[in-house]
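Read off the chains here:
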Amino acid sequence: MSDLSRRNVLSLGVALGLAGVAGAAPAWASSAAGASAGDPWWVWDDEVDALMATVLDNGQVPAVNTAMRSWVNNDDPLPGGLPANLATWLRKVNKLPSWADPVKLRRAADFNRRKDTYLFMLYGLGSGIMSTVIPREAKSVYWSAGGADMQDRAAKTFTFGYDLSDRNGFEPSGQFVVTANKTRLVHAAVRHLLPRSSRWQAVADEPNRIPISNGDILVTFHSLGTYVHKKLTEWRVPMSAADEEAFLHSWQVAIHLLGVREEFIPKTWAAAYAQSEQVLTPILAPSQEGRELAEDLLGLTAQIDLGVTRGFLNEFVRYALSDTVGDWLGLRRDYAAAALVRTGWPAYIAFREGLIPIMPVGFYMFDQFIRALAMLFLNKVTSPTTTPITIPTGNRPG
Ligand code: HEM
């Protein structure tokens, strides 16, 4: 294990309170191979990983994708045409965990609806671009099949966010449980495929380690849920304690559905923040792959009229993520737009939330920007041409 991942293992354990008494190393950290069952960097999704490896090796992926097309709602029966052992496994996992709290999940859905304006911005421009400076994730995404078509991939990822945030997401008539399970299958396939890519091998920090461990998924969760919660707090968006708890709960259930073991899932926002500081913040870094992905993602928005310039978009990303990240990604400066964002955005929030009585300058511009961004998001998700989440059969072509 490299020093970097050893450090992550240790810090994740500390953040999770696994260290026990102060100064004592957690049990898993003392294992020379670092491979004990309690180490999230060495935990993947064994059962389904083995199933997907066989499905891929037997050339059954196209048939599985065809079968899964009609499997959409949480209460849909499992489709016919799946290999028997895959169907048996899905029957076991395709449900909410016993600890899921329906009242909190409903509140989370209501919270997502009430705050959707900020969530579009934060998930889309904040988390989306942050994923490009998480090198392990950026390199996996770039060298997997989906990396060659970021528009299609972004649309599929939107599906996850949309279903998670939907009013009925976790209800029987909703779609999130199925979407999360499809994603879990995709990740299992990637674990089998990427190690066979010589180009991924050439750039991976640890080419011999299987990608998308529980630790990696936790890092990504922090770039999504924890980051969004932190920014909403910093931006003084009013949230009740019950809202905050419900929002965390929806993410706890989401990462459970993606195969993260319960003992690794943070129980409170304080634990999540501590974990994020230890495992996400120190690993953020630029990479060639990440720069290209960021350019692709920001270029997507250029296809529609957001009512703002690319300079404004660059400055909003800098505002949401930091100038360091903006510099890593080579986002051209626009100082006039920067000034507008820094003063106009807090005022926009304050006015929307009824905290100031006078409509600030630039209100309509921000409003138009958000509406256009939301339309981009919703069109992608609801358009009949949107590609549903499908299991890849290979890595990035060409
Ligand atoms: C695929 C979400 C963590 C790498 C997907 C898809 C979704 C998704 C919705 C299916 C859409 C698609 O095929 O593009 C998530 C969420 C995560 C997470 C919500 C954590 C909370 C990770 C991590 C990595 C990763 C940690 C790598 C380090 C990939 C790759 C694909 C994928 C390579 C396949 C893209 C392809 O089709 O080639 N993920 N993911 N994901 N994810 Fe994740």
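Note: the structure precedes this text.
Below, the structure is looked at part by part. Keep in mind it's a predicted model, so treat the numbers as computed, not measured.

What to know about the overall build of the protein chain
Thinking step 1. For the protein chain, the helix and strand inventory stands at 18 helices and 0 strands.
Thinking step 2. For the protein chain, with 398 residues in total, the buried portion stands at 54%.
Thinking step 3. Considering only residue pairs separated by 6 or more positions, the protein chain has 74% of its internal contacts joining residues 24 or more positions apart.
Thinking step 4. Carbon together with sulfur atoms contributes 57% to the accessible area of the protein chain, which is approximately 17,000 Å² in total.

Regarding the packing of helix 6 (residues 116-130) against helix 11 (residues 214-234)
Thinking step 1. Remark: helix 6 packs on helix 11, axes separated minimally by 10 Å, with the N-to-C direction vectors making an angle of 125°. Taken together, helix 6 and helix 11 sit at an angle that is classed as oblique. Judged by the twist between their axes, the crossing of helix 6 over helix 11 is right-handed. Contacts from Tyr-118, Leu-119, Leu-122, Tyr-123, Gly-126, Ser-127 and Met-130 in helix 6 reach Ser-223, Leu-224, Tyr-227, Val-228, Lys-231 and Leu-232 in helix 11.
Thinking step 2. Class assignment of the residues belonging to the contact of helix 6 with helix 11 gives a composition of 9 nonpolar, 3 polar and 1 charged.

Points about the packing of aromatic side chains
Thinking step 1. Tallying each qualifying case throughout the model produces 24 aromatic pairs.
Thinking step 2. Where Phe-316 meets Phe-369, the ring centres are 6.1 Å apart and the plane angle is 70°; that geometry is what we call edge-to-face. Taken together, the positions of Phe-316 in helix 15 (residues 310-321) and Phe-369 in helix 18 (residues 363-382) put the pair 53 residues apart, joining distant regions of the chain.
Thinking step 3. One aromatic cluster is present, formed by Tyr-118, Trp-235, Phe-312, Phe-316, Tyr-319, Trp-345, Tyr-348, Phe-351, Phe-363, Tyr-364, Phe-366 and Phe-369 through successive ring pairs.
Thinking step 4. A cation over a ring is seen here: Arg-209 above Trp-42, with NZ or CZ 5.1 Å from the ring centre.

Structural notes on the coordination of the iron atom of the ligand
Thinking step 1. Among all protein atoms, only His-187 (NE2) binds the iron atom of the ligand, sitting 2.1 Å from it.
Thinking step 2. Structurally, the position occupied by His-187 is in helix 9 (residues 176-193).

Description of helix 15
Thinking step 1. Look at helix 15: 16 Å from first C-alpha to last across 12 residues, which is about the 16 Å you get at 1.5 Å a residue.
Thinking step 2. Counting buried residues in helix 15 gives 11 out of 12 residues, a clear majority hidden from the surface.
Thinking step 3. Gly-311, Phe-312, Leu-313, Asn-314, Glu-315, Phe-316, Val-317, Arg-318, Tyr-319, Ala-320 and Leu-321 are the residues of helix 15 that are buried.
Thinking step 4. Looking one or two residues beyond helix 15, the residue adopting positive phi is Ser-322, at roughly 120°.

Thoughts on the site of the ligand
Thinking step 1. For the ligand, the set of nearby residues contains 20 residues, the closest of which are Ser-144, Gly-146, Arg-153, His-187 and Thr-220.
Thinking step 2. Separating an oxygen atom of the ligand from a backbone N or O atom of Ala-145 is a distance of 3.2 Å.
Thinking step 3. The separation between a nitrogen atom of the ligand and a polar side-chain atom of His-187 is 2.9 Å.
Thinking step 4. Of all the elements in the fold, those that place two or more residues in the shell around the ligand are helix 7 (135-143), helix 8 (150-165), helix 9 and helix 11.
Thinking step 5. Its residues assigned to classes, the shell around the ligand comprises 9 nonpolar, 6 polar and 5 charged.

Focus on the pattern of salt bridges
Thinking step 1. Scanning the model with the defined rule gives 21 salt bridges in all.
Thinking step 2. Note that Asp-49 and Arg-191 form a salt bridge whose closest N and O atoms lie 2.7 Å from each other. Note that Asp-49 is positioned in helix 2 (residues 46-57) and Arg-191 in helix 9, a separation of 142 residues in sequence. Each member of the pair, Asp-49 as well as Arg-191, is classed as buried.
Thinking step 3. Lys-104 is paired through a salt bridge with Glu-245; the nearest N and O atoms lie 3.0 Å apart. Highlighted residues: Lys-104 in helix 5 (residues 102-114) and Glu-245 in helix 12 (residues 241-257), separated in sequence by 141 residues.
Thinking step 4. Residue class for Lys-104 comes out partly exposed when judged on its relative accessible area of 26%.

Some details on helix 17 (residues 335-352)
Thinking step 1. The end-to-end C-alpha separation of helix 17 is 25 Å, in line with the 26 Å expected for 18 residues at 1.5 Å each.
Thinking step 2. Bending of helix 17 peaks at approximately 30° at the position of Gly-344, with proline Pro-346 no more than four residues after it.
Thinking step 3. What helix 17 keeps buried is the set Ala-337, Ala-338, Val-341, Gly-344, Trp-345, Ala-347, Tyr-348, Ile-349 and Ala-350.
Thinking step 4. One or two steps after helix 17, the chain reaches Gly-354, where phi turns positive at roughly 70°.

Some words on the packing of helix 6 against helix 17
Thinking step 1. Contact geometry of helix 6 with helix 17 gives a least axis separation of 12 Å together with a crossing angle of 155°. Looking at the two axes, helix 6 sits roughly antiparallel to helix 17. Side by side, helix 6 and helix 17 meet where Thr-117, Tyr-118 and Met-121 of the first sit next to Trp-345, Tyr-348, Ile-349 and Arg-352 of the second.
Thinking step 2. By residue class, the composition of the contact of helix 6 with helix 17 is 5 nonpolar, 1 polar and 1 charged.

Things to note about the environment of Pro-388
Thinking step 1. By the element assignment, Pro-388 lies in the segment after helix 18.
Thinking step 2. Measuring from C-alpha to C-alpha, the distance between Pro-388 and Lys-182 comes to 9.7 Å, with 206 residues separating the pair along the chain.

Rules behind the numbers
- Residues numbered from 1 in each chain as written.
- Predicted model: local features only at pLDDT ≥ 70, side-chain atom pairs only at ≥ 80, totals over all residues.
- Heavy atoms only, no water.
- Helix = DSSP H or I, 4+ residues; strand = E, 2+ residues; numbered from the N terminus.
- Buried < 20%, exposed > 50% of the residue type's maximum accessible area, 1.4 Å probe, protein only.
- Contact = heavy atoms within 4.5 Å.
- Areas by Shrake-Rupley, 256 points an atom, 1.4 Å probe, with all protein chains shown as cover.
- Axes fitted to C-alpha atoms, helices over the stretch in contact; angles between N-to-C directions.
- Parallel < 35°, antiparallel > 145°, perpendicular 65-115°, else oblique.
- Left-handed = near helix turned anticlockwise from the far one by under 90°.
- Nonpolar A, V, L, I, M, F, W, Y, C, P; charged D, E, K, R; others polar.
- Phe/Tyr/Trp six-rings, centres within 6.5 Å; stacked < 30°, edge-to-face > 60°.
- Lys NZ or Arg CZ within 6 Å of the ring centre and 35° of its normal.
- Donors = N, O, S within 2.8 Å, 3.2 Å for Na, K, Ca; no water.
- Expected span 1.5 Å × (residues − 1).
- Near = heavy atom within 4 Å.
- Polar contact = N/O pair within 3.5 Å; in protein donor to acceptor, adjacent residues only side chain to side chain.
- Salt bridge = Lys/Arg side-chain N within 4 Å of Asp/Glu carboxyl O.
- Bend = angle between axes of the 7 residues up to and from the residue.

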